[in-house]
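Fold and geometry: a report
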Amino acid sequence: MSTTPSIVAEHIDRSFSSGKTRQQVLFDISLSILPGELTMIIGPSGSGKSTLLSALSGLLAPDNGTVHALGIELSKLTASQLDTFRLENCGFIFQGFNLFAALTAQENVMLPLNYGPKIHADEARQRSKEALEMVGLGSRMQLRPLELSGGEKQRVAIARALVKRPRLLFADEPTSALDGQNGQIVVSLLHEIARTRGTTVLGVSHDNRLIKHADRVITLEDGRVVKDQRASHIPETTA
Ligand SMILES: Nc1ncnc2c1ncn2[C@@H]1O[C@H](COP(=O)(O)OP(=O)(O)O)[C@@H](O)[C@H]1O
Ligand SMILES: [Mg+2]
């Protein structure tokens, strides 16, 4: 397994101002995230998890400190270079599934392929099919969101995030709209993606039940890292 971190944050701080008050949300956070692993950031609501994920994925600039992703210092990029970087390297999965109701599962998954380098329609169909097979929906590709369960919808959203084969996959509360069993399925799928593709998968959750699938669990409290544990009960990968 590669030991070169794919994301490195050093001493990041971040505050938000509203009116006269200024609230510091992240305090001096330094961490390195490895490829081929599912890293979960957990912590109570309001502890800064989403803010940290945004900072690590370049959606939000820290006030102090640096973030390197795939060796690139994100603050050195212009807004359009950052857009290109995210388009080429990052997949995002959020709590709501954000699927288009009028489109089939496969059409939803093909959408991101319209951005970036042009690819042939046949290849787009093939890639979207592979992504849907990876999440176990190969036989349900022609269904529309209304015909799918919540767990299936989130798996479509994962397939859509995978279709461009991103090296970095970010998931903010990907299971919060799901029941416990579907939540477990989704998180074990994220783990499998990390293990089989070498993708860096960084997930955020307030649900402690999901950490058993993670290779590493980082606990955030009041904007500080208070724990950083490797899950020793997860079998070593052979890669
Ligand atoms: N864009 C924003 N503007 C102002 N305050 C924000 C913004 N985003 C987050 N916050 C505040 O920062 C704190 C941490 O938020 P967040 O990172 O969303 O926590 P979590 O994801 O752990 O629930 C909260 O108090 C929240 O209100
Ligand atoms: Mg959040």
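This one's a predicted model, so the numbers in the text were calculated from it and none came from an experiment. (Residues numbered from 1 in each chain as written. Chains lettered and ligands numbered in written order. Predicted model: local features only at pLDDT ≥ 70, side-chain atom pairs only at ≥ 80, totals over all residues. Heavy atoms only, no water.)

**Side note on the nonpolar core**
One finds Leu132, Val156, Ile158, Leu169, Leu190 and Ile193 to be the most contacted residues of the largest nonpolar core, which totals 36 residues. Counting residues per element, the ones that place at least two in this core are β3 (38-42), α3 (105-110), α4 (121-134), α5 (150-162), β7 (168-172) and α6 (180-197). It is α6 that provides the largest number of residues to this core, a total of six residues. Once residues lying within four places of it in the same chain are set aside, the contact partners of Ile158 are Ile93, Val135, Val186, Leu189, Leu190 and Ile193. One finds Val25, Leu26, Ile41 and Leu82 within the second-largest nonpolar core, a separate group that totals 25 residues. (Core = buried A, V, L, I, M, F, W, Y, C linked by side-chain atoms within 4.5 Å. Buried < 20%, exposed > 50% of the residue type's maximum accessible area, 1.4 Å probe, protein only. Helix = DSSP H or I, 4+ residues; strand = E, 2+ residues; numbered from the N terminus. Contact = heavy atoms within 4.5 Å.)

**Observations concerning the site of ligand 1**
In the vicinity of ligand 1, the residues found are Phe16, Gln23, Val25, Pro44, Ser45, Gly46, Ser47, Gly48, Lys49, Ser50 and Thr51. Between ligand 1 and Ser50 there is a distance of 2.9 Å, counted from an oxygen atom to a side-chain nitrogen or oxygen. Within the complex, 60% of the 560 Å² of free accessible area of ligand 1 lies under protein. Residue assignment for the shell around ligand 1 shows that the elements contributing at least two residues are β2 (21-33) and α1 (49-56). (Near = heavy atom within 4 Å. Polar contact = N/O pair within 3.5 Å; in protein donor to acceptor, adjacent residues only side chain to side chain. Areas by Shrake-Rupley, 256 points an atom, 1.4 Å probe, with all protein chains shown as cover.)

**Topic: the side chain of Asp215**
The topology assignment puts Asp215 in the loop between β8 (200-205) and β9 (216-221). The charged side chain of Asp215 is buried without a salt bridge, its nearest counter-charge being Arg230 at 6.1 Å. A polar contact of 3.1 Å, which involves the side chain of Asp215, links it to the side chain of His191. (Lys, Arg positive; Asp, Glu negative; His and termini not counted. Salt bridge = Lys/Arg side-chain N within 4 Å of Asp/Glu carboxyl O.)

**Looking at the sheet that holds β9**
In spatial order, the strands read β6-β7-β8-β3-β9-β10; together these six strands make up an open sheet with mixed pairing. Every other strand in the sheet has two partners, leaving β6 (90-93) and β10 (224-230) as the edge strands with one partner each. Taken pair by pair, the neighbouring strands of this sheet meet at an average axis angle of 15 degrees, ignoring direction. Sheet strands in contact with helix α2 (residues 79-89) are β6 and β7, and its direction is about 75 degrees off that of β6. (Pairing = 2+ DSSP bridges. Axes fitted to C-alpha atoms, helices over the stretch in contact; angles between N-to-C directions.)

**Thoughts on α5**
Over its 13 residues, α5 extends 18 Å from the first C-alpha to the last, a length consistent with the 18 Å expected when each residue adds 1.5 Å. In terms of residue burial, α5 counts as a mostly covered element, since eleven of its 13 residues are buried. Looking only at α5, the buried set comprises Gly151, Glu152, Gln154, Arg155, Val156, Ala157, Ile158, Ala159, Arg160, Ala161 and Leu162. If you follow the buried residues of α5, they end up packed against β6, α3, α4, β7 and α6. (Expected span 1.5 Å × (residues − 1).)

**A few points about unusual backbone geometry**
One non-glycine residue, Leu70, adopts positive backbone phi at about 50 degrees. Positionally, Leu70 belongs in the loop between β4 (64-69) and β5 (72-73). Using a relative accessible area of 21% as the deciding quantity, one classes Leu70 as partly exposed. Backbone geometry at Glu173 places phi at a positive 50 degrees, although glycine is not the residue there. By secondary structure assignment, the location of Glu173 is in the loop between β7 and α6. Glu173 sits in the buried class, given a relative accessible area of 12%.

**Details of the sheet that holds β4**
Read across the open sheet, the four strands follow the order β2-β1-β4-β5; overall the sheet is antiparallel. The strands lining the two open edges of the sheet, one partner per strand, are β2 and β5. Strand direction decides the pairing type here: strand β1 (residues 7-18) and β4, joined by five bridges, are antiparallel. The residue of β4 that forms the bridge with Val8 is His68. Its contacts with the sheet place α1 against β1, β2 and β4, and it is angled at close to 125 degrees to β1.

**Notes on the pairing of β1**
With nine bridges joining them, β1 and β2 adopt antiparallel strand pairing. By the bridge assignment for β2, Ile12 is matched with Ile29. Where β1 hands over to β2, the hairpin turn is made up of two residues, of which Gly19 adopts a positive phi near 60 degrees.

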